[in-house]
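One letter stands for each residue in the lines below.
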Amino acid sequence: MTPARAWYLIAKSSELVCHPSTLKTLEREKVAYFSDAALITPAFVACSRNAAGKAVIEKLNQFIGTVVAGPANRQRMMDWLDKREAVNYEKDYLEYFKIAH
């Protein structure tokens, strides 16, 4: 589906229509709900401005807000990396999440 067709359907349809990669504008916010965070920078997920679209966006925003980069996940990543890659991964991880090391 082309972006133009997706926006036509989002604006005109009473059915649920979502577009996974779109730019947020004031005009588009009148006809669609948007995810809190851009999934494919700088694009957002947009869904029809109806009950079904709102439900999808609320669930997506709940997922986006979930913290998955905890110590257990970091250890699982390090378990499958070789020693040199594990050292690099941990350095990048600590710097990315601004954890003192």
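Residues numbered from 1 in each chain as written. Predicted model: local features only at pLDDT ≥ 70, side-chain atom pairs only at ≥ 80, totals over all residues. Heavy atoms only, no water.

Trainee: Lay out the packing of aromatic side chains in plain terms, naming residues and giving numbers.
Mentor: To describe a pair of aromatic rings, one takes the distance between the centres and the angle between the planes. With the rule as written, the count across this model stands at two aromatic pairs. An angle of 85° between the planes, with centres 6.4 Å apart, marks the rings of Phe-34 and Phe-44 as edge-to-face. Separated by ten residues along the polypeptide, Phe-34 in strand β2 (residues 32–34) and Phe-44 in strand β3 (residues 44–48) bring together distant segments of the chain. Neither residue differs from the other here; Phe-34 and Phe-44 are each classed as buried. In this structure an aromatic cluster arises from ring pairing among Trp-7, Phe-34 and Phe-44. Between the NZ or CZ atom of Lys-24 and the centre of the ring of Phe-44, over which it lies, the distance is 4.5 Å. (Phe/Tyr/Trp six-rings, centres within 6.5 Å; stacked < 30°, edge-to-face > 60°. Helix = DSSP H or I, 4+ residues; strand = E, 2+ residues; numbered from the N terminus. Buried < 20%, exposed > 50% of the residue type's maximum accessible area, 1.4 Å probe, protein only. Lys NZ or Arg CZ within 6 Å of the ring centre and 35° of its normal.)

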